[in-house]
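Examination of the molecular architecture
Listed here are the chains, written in short residue letters.
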Amino acid sequence: MQTKNKPTLYWSLLKFKGWNLYVASTSKGLVFVGSQNKPFEELFEWTKKRFLGSPLVENDKKLEPYIAEITQYLAGKRKTFTVPFEYVGTQFQRAVWDALCEIPYGQTKSYSDIANDINNSEAVRAVGAAIGANPVLITVPCHRVIGKNGSLTGYRGGLEMKTMLIDLEERASSSNE
């Protein structure tokens, strides 16, 4: 079901132990994981910017593999993701998002660490902007990026969500040692 080069976006609402996240994919992979308890409008507005004209179709079955892995992560039973992604961003953004995926579970890095990881140490502010544009929260772990001084900094899902994810990883890491 495609409209003239416009991929269909399939979506579902993940509900797990107080977590409510809208999740979307194309036939190629995961494209969006929403913010905690945000309305459908967040997904709808993002789709208008990144997939203008693409149909949005609710399809729990197509989202099952993505929701299963995110749910396992939220339960503290998964540390990495194996589902495919379809990144929608610039080459620079994709480089930053790939670098985020290299941050080990339960650990954090600073924005300047990420800039160094992509061999662009002068691009700290641009790295911050790319991280802020990350459309797939949790699965591309931008919550693992903190300020150079160790402080929690901005997060598309809000600092409360960022804190919850960091705490979840700390608890799961300490219980597995």
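The rules behind the values
- Residues numbered from 1 in each chain as written.
- Predicted model: local features only at pLDDT ≥ 70, side-chain atom pairs only at ≥ 80, totals over all residues.
- Heavy atoms only, no water.
- 1 Å grid on protein atoms, 1.4 Å probe; cavity = no way out; pocket = protein on both sides within 12 Å on 5 of 7 lines; lining within 4 Å.
- Points joined across faces, edges and corners; volume = space filled by probe spheres on them.
- Nonpolar A, V, L, I, M, F, W, Y, C, P; charged D, E, K, R; others polar.
- Phe/Tyr/Trp six-rings, centres within 6.5 Å; stacked < 30°, edge-to-face > 60°.
- Buried < 20%, exposed > 50% of the residue type's maximum accessible area, 1.4 Å probe, protein only.
- Lys NZ or Arg CZ within 6 Å of the ring centre and 35° of its normal.
- UniProt positions renumbered as here; feature names shortened; annotations may be inferred.
- Helix = DSSP H or I, 4+ residues; strand = E, 2+ residues; numbered from the N terminus.
- Core = buried A, V, L, I, M, F, W, Y, C linked by side-chain atoms within 4.5 Å.
- Contact = heavy atoms within 4.5 Å.
- Pairing = 2+ DSSP bridges.
- Axes fitted to C-alpha atoms, helices over the stretch in contact; angles between N-to-C directions.
- Arc of directions from axis to C-beta.

If you look the protein up in an unreviewed UniProt entry, it shows as Methylated-DNA-[protein]-cysteine S-methyltransferase from Priestia iocasae.

1. Thoughts on the layout of surface pockets
If a probe the size of a water molecule is rolled over the atoms, the empty space left behind becomes visible. Within this model, the largest pocket holds a volume of roughly 160 Å³. By residue class, the composition of the lining of the largest pocket is eight nonpolar, two polar and two charged.

2. Describing the packing of aromatic side chains
For the structure on display, the rule yields nine aromatic pairs. Pairing Phe85 with Tyr87 gives two aromatic rings, centres 5.7 Å apart and planes at 20°, and the pair type is stacked. Owing to a relative accessible area of 22%, Tyr87 belongs among the partly exposed residues under this scheme. These aromatic residues form a ring-pair network of at least three members: Trp11, Tyr22 and Phe40. When the ring centre of Tyr10 is taken as origin, the NZ or CZ atom of Lys62, which lies over that ring, is 5.0 Å away.

3. Section: the UniProt feature "domain: Methylguanine DNA methyltransferase ribonuclease-like" (unreviewed entry) in the protein
According to UniProt, the positions carrying the feature "domain: Methylguanine DNA methyltransferase ribonuclease-like" (unreviewed entry) are residues 9-86. With 33% helix and 28% strand, the stretch residues 9-86 has end C-alpha atoms that lie 11 Å from each other.

4. Remarks on the nonpolar core
Judged by nonpolar contacts, the single largest core of 40 residues is most densely connected at Leu14, Leu21, Ile70, Leu74, Leu100 and Ile138. If you list the elements that add at least two residues to this core, you get strand S1 (9-16), strand S2 (19-25), strand S3 (30-33), helix H2 (60-74), helix H3 (91-101), helix H4 (111-117), helix H5 (124-132) and helix H6 (159-175). Beyond its immediate stretch of four places on either side in the chain, Leu74 contacts Leu14, Phe16, Trp19, Leu21, Ile138, Leu165 and Leu168. In terms of nonpolar packing, the next biggest core, distinct from the first, is built from nine residues, Trp11, Val31, Leu43 and Phe51 among them.

5. A look at unusual backbone geometry
Residue Asn37 is not a glycine yet carries a positive backbone phi of 60°. Considering the arrangement of structural elements, one finds Asn37 in the loop between S3 and helix H1 (40-50). The phi torsion at Asn119 lies on the positive side, around 60°, for a residue other than glycine. Residue placement: Asn119 occurs in the loop between H4 and H5.

6. Some words on the sheet that holds S1
If you trace the four strands from one edge of the open sheet to the other, you get S3-S2-S1-S4, paired in mixed fashion. The open sheet terminates on both sides in strands that have one partner only, identified here as S3 and strand S4 (56-58). For this sheet the average axis-to-axis angle between neighbouring strands, irrespective of direction, equals 30°. Note that S2 and S3 share three bridges and pair antiparallel. Looking at S3, one finds that Ala24 is bridged to Phe32.

7. Observations concerning H1
Residues of H1 that are buried: Glu42, Leu43, Trp46 and Thr47. Angularly, the buried residues of H1 cover 130° about the axis, an arc narrow enough to put them on a single face. Those residues of H1 hidden inside the fold are in contact with S1, S2, S3 and S4.

8. Regarding the environment of Leu56
Turning to its location among the elements, Leu56 is positioned in strand S4. The partly exposed category is assigned to Leu56, whose relative accessible area is 25%. Sequence separation of Leu56 and Phe44 is twelve residues, and the distance between their C-alpha atoms is 8.2 Å. Setting aside anything within four residues of it in sequence, one finds Leu56 in contact with Leu9, Trp11, Phe40, Leu43, Phe44 and Thr47.

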